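Each chain, letter by letter, is given below.
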There are 2 protein chains.
Amino acid sequence: MIAEIIAAGSEMLTPHRQDTNSLFLTAQLNDLGVEVAFKTIVGDNLEHLTGAARTALSRADIVIFSGGLGPTEDDLTREAVASTLGISLRRDPTILASLYKRFAARQMVMPPNNAKQADVLEGAVILTNSNGSAPGQMIDTIVGDYRKLVILLPGPPREIKPLFEEVVKPLLEATLPSRSLARRILRMALIPESHVDARTSPIYNEYADVQTTILAGHGEIQLHFTSAKATLLEAQARVDELAGRIEAEMEDAIFSSQGESLEEVVLLMLEMRHLTLSVAESCTGGLLAQRLTAVPNSSRAFVGGAVVYTPELKMVFADVPREMVEMHGAVSPEVARALAEGIRARTGSSLGISITGLAGPGGGPPGPDAEKPVGRVYIGLANGRDTHIKELNLTGDRDYIRWWSSQHALEFLRLNLHR
Amino acid sequence: MIAEIIAAGSEMLTPHRQDTNSLFLTAQLNDLGVEVAFKTIVGDNLEHLTGAARTALSRADIVIFSGGLGPTEDDLTREAVASTLGISLRRDPTILASLYKRFAARQMVMPPNNAKQADVLEGAVILTNSNGSAPGQMIDTIVGDYRKLVILLPGPPREIKPLFEEVVKPLLEATLPSRSLARRILRMALIPESHVDARTSPIYNEYADVQTTILAGHGEIQLHFTSAKATLLEAQARVDELAGRIEAEMEDAIFSSQGESLEEVVLLMLEMRHLTLSVAESCTGGLLAQRLTAVPNSSRAFVGGAVVYTPELKMVFADVPREMVEMHGAVSPEVARALAEGIRARTGSSLGISITGLAGPGGGPPGPDAEKPVGRVYIGLANGRDTHIKELNLTGDRDYIRWWSSQHALEFLRLNLHR
């Protein structure tokens, strides 16, 4: 069974908007054992939509539309499907009544246009939408000699997601052959994708019945393993066996074997060891603190810290002597050490971590930092006994250097906690 | 002239990867006066690719492929286009030589597979790729009675972008009818899209020759105006006239009339007034500082600040009395005021801004904050003479509340500076 997803809406043919529903729909369909083979994005144009519907019906078993079910003249999915399948639309009195009621509840008069949201394809199952006015529709039909499922869904994410999960998925489960799916995700930081692949592909290639996907980006590599079997037990055993062998190969490079983020793992490790953390950030300007505090309940281990963007604030919040900055530059192992030790002492936390560096685009200010290259970053980690320093030499733009610096700081902390 | 963009690659048919090249390509094509009418995403499958190519040639004048030009067996764009157009591939000796040289320069032996990157469609113009091994190709041909341009481009963003800008765009400019395009972007924060539309649509609807697009998201509304005319002067005059009328209508709700971000505008206003800024963040945990420091040269106005996630740190970094937190709760106008005044005094900046609130998902800790709803946030702004406080009651998840809090803080600061 292969599917095609058609996203209808001219805004998705501008440089500003992506179709994102298809990512959700793809995950849901894959869970049901259906592969998505094509995605099409088409504007609010009856001829284009009809053409896209005809093409999709010729090459896919399941065709899912998202969008184009609204009340305006530009909402043409119903009309396009009716014309493509050669069936008519009827105005459903129950849906029409519920539309009138929605407006009455808001003490508004329904514009006549809106009545078209009650138009239903002859023979379609109505998929009740509890989060919006336009219901979805599904037609189970024969085109040529083949069975085709055509499903029309609304475009807004807050409508399509519950509608799919609560109404469409149970319907598809009942009509498609049953199978059970198991998944595992292993995550690693700061390792090149080619290294991971060279070390792991000899292993995962032995598992033809497990689908392996490698995702790389933002200083992280993810290995996704999926297996589909008659029973969940069988499927889980296969992905667990493969994940176990990869964990043995990659050892402590793997920070997460259940899908948690690096921030979550570090916070959990701190909490389990009854340790608290503070940060002093120069070039990352709050990014590390922001990443940590994005995790709910981060306050169990993270106390806070300072954004020390000037030499004065390095003194004010972390007791870094002015002369040290003048002698070595703010971007130096000496200042990284003093910042980490200073923020730890000031906040009374068990661990203090610091980041100081040149994120660009301009170089360092006059003085000792002037000669240092953009991308030079120092990380300091103080624990009260000793202080570890790491030098980075990153290449990339300001956003990239800031992100990777925060990623290195988290991984540096994790590996130190791991030992 | 209408275009279709075909993104080739099975990874874009998973729940994890989007086609993003098409956003860049759409912007470039629109600049050339070409509308994108369809986007198709297709996997690494010769039959599917050939079908997609055939469909695209039947409905678009310009068909652009991204991806599928690599050296592996899964890279099939060349073969699919050759088969669809009924032309053959020839192995180009100049490209082959340059492939051998690339490997030799890295002191590696080229795997025999890689030679297929030298395969060129008979009659194609070779588009030299200075950032990768696979060149692009363009064919200007007749299908049926219609002229068709078929363009094959590599998938990696760092290859396709310079290749399009430096090689493809000049070629298309030379072959397409000439026109000039002018653009303006107006940006507003924290206003509902429906309000903006109700007030501005009577104006922009008078300008049928200017394309207006409204984009809403992340606490911001953008109005994009585009006009295409025979001369740049004419086009610019039209968008400027419309933008001027919208600015008169929306007044100081518009923070940017040339496309700058809210962070950039606030930093520029501070710098022009010779003011400096510090921040004390509780629930946003560094997000506001991170947004400000993401702007290059933000240190001209932003000195830094503190992430005060615990009552202790509110005392340590901003001199907020422990008893005040105990009496009113950390999420209170009193603490917001003390934080803003305290961080300003500690850092010696002209202005101090604070954010304290409940971002959820859990409620406040036992004590005065326990009864306050998730989404309650206070912002304080101290300037040395008086301190302004703003109460927010936001609804949404943790990320949403944190983002909107930082957006409100920036807009609060902007409106205060504006007066």
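Higher on the page you've got the structure.
The shown structure was predicted, so the numbers you read here are calculated from the model rather than taken from an experiment. Note on numbering: residues in each chain are counted from 1, in written sequence order. Each chain is given a letter, starting from A, and each ligand a number, starting from 1, according to the order in which they appear as written. The predicted nature of this model means local features are confined to residues of pLDDT at least 70 and side-chain atom pairs, given and counted, to a pLDDT of 80 or more, with totals for whole chains, interfaces and linings taken over all residues. The side-chain figures draw on all heavy atoms in the structure; neither hydrogens nor water molecules are used.

*Asks:* So what's going on with the packing of helix 12 (residues 333-347) of chain A against helix 10 (residues 311-318) of chain B? Which residues, and what values?
*Replies:* Axis angle and axis distance: for two packed helices, these are the angle between their axes and the distance between the axes, and together they describe the pair. Axis geometry follows a simple rule: fit a line to the C-alpha atoms, using only the stretch in contact for helices, then measure angles between N-to-C directions, giving values from 0 to 180 degrees. Helix and strand definitions follow DSSP, with helices as H or I runs of at least four residues and strands as E runs of at least two, each counted in order from the N terminus. Two elements in contact, helix 12 of chain A and helix 10 of chain B, have axes separated by 10 Å at closest approach and are oriented at 115°. Contact with helix 12 of chain A, carried on its side by A:Ile343, A:Arg346 and A:Thr347, involves B:Leu313, B:Val316 and B:Phe317 of helix 10 of chain B and no other residues of that element. In this count, Pro and Cys sit with the nonpolar residues alongside Ala, Val, Leu, Ile, Met, Phe, Trp and Tyr, while Asp, Glu, Lys and Arg are called charged and the others, Gly among them, polar. A breakdown of the residues in the contact of helix 12 of chain A with helix 10 of chain B according to their chemical character gives four nonpolar, one polar and one charged. Here, two residues are considered to be in contact whenever any of their heavy atoms come within 4.5 Å of each other.

*Asks:* Give me the lowdown on the packing of helix 2 (residues 46-59) of chain A against helix 2 (residues 46-59) of chain B, citing residues and values where you can.
*Replies:* At a minimum axis distance of 12 Å, the contact between helix 2 of chain A and helix 2 of chain B shows a crossing angle of 160°. When the axes of helix 2 of chain A and helix 2 of chain B are compared, the pair comes out roughly antiparallel. The crossing of helix 2 of chain A and helix 2 of chain B is right-handed. Together, A:Ala52, A:Thr55 and A:Arg59 of helix 2 of chain A and B:Ala52, B:Thr55 and B:Arg59 of helix 2 of chain B make up the contact between the two elements. When the residues that make up the contact of helix 2 of chain A with helix 2 of chain B are grouped by side-chain class, the tally is two nonpolar, two polar and two charged. Angles below 35 degrees are treated as roughly parallel, those above 145 as roughly antiparallel, those between 65 and 115 as roughly perpendicular, and all remaining angles as oblique. Note on convention: the crossing is left-handed when the near helix lies turned anticlockwise from the far helix by less than a right angle, right-handed when the turn is clockwise.

*Asks:* Explain helix 4 (residues 93-105) of chain A residue by residue, including any values.
*Replies:* Residue and element names in this part refer to chain A. Helix span, as expected, comes to 1.5 Å for every residue beyond the first. Here helix 4 spans 18 Å end to end across 13 residues, near enough to the 18 Å set by a 1.5 Å rise per residue. Burial status follows relative accessibility: with a 1.4 Å probe on protein chains alone, a residue under 20% of its type maximum counts as buried, one over 50% as exposed, and anything between as partly exposed. Of all the residues in helix 4, the buried ones are Ile95, Leu96, Leu99 and Phe103. Along the axis of helix 4, the buried positions cluster into a sector of 105°, meaning they face one direction only. Turned more than 90 degrees off the buried face of helix 4, the exposed positions are Pro93, Thr94, Lys101 and Ala105. Tucked inside the fold, the buried residues of helix 4 contact strand 5 (119-121) and strand 6 (125-127). Under this definition, polar contacts are N or O atom pairs within 3.5 Å; protein pairs additionally need one hydrogen-donor-capable and one acceptor-capable atom, and for neighbouring residues in sequence, both atoms have to be side-chain atoms. For helix 4, the N-terminal capping position is held by Asp92, with its side-chain oxygen 3.0 Å away from the main-chain nitrogen of Thr94. Of the residues flanking the end of helix 4, it is Gln107, one or two places downstream, whose phi is positive at about 55°. Directions drawn from the helix axis to the C-beta atoms are what define this arc.

*Asks:* An account of the nonpolar core is requested, with residue identities and associated values reported.
*Replies:* In this description, a nonpolar core means a group of buried Ala, Val, Leu, Ile, Met, Phe, Trp, Tyr and Cys residues linked to one another through side-chain atoms lying within 4.5 Å. Residues A:Phe65 and B:Phe65 are the most contacted members of the largest nonpolar core, which totals 65 residues. Residues contacting B:Phe65, with those up to four places away along its chain left out, are B:Ile6, B:Leu49, B:Ala53, B:Thr77, B:Val81, B:Val150, B:Ile151, B:Leu152 and B:Leu153.

*Asks:* Quick one: what's the story with the sheet that holds strand 11 (residues 220-229) of chain A, residue by residue and with numbers?
*Replies:* What links the strands of a sheet is backbone hydrogen bonding, and the strands pair in either a parallel or an antiparallel sense. Residue and element names in this part refer to chain A. Here, strands pair whenever DSSP counts at least two bridges between them. Strands sit in the order 10-11-9-12 across an open sheet of four strands; the sheet is antiparallel. Among the strands making up the open sheet, the edge pair consists of strand 10 (210-217) and strand 12 (254-256). On average, adjacent strands in this sheet sit at an angle of 30° to one another, irrespective of strand direction. Looking at chain direction, strand 10 and strand 11 are connected through eight bridges and run antiparallel. Of the residues in strand 11, the one forming a bridge with Ile214 is Leu223.

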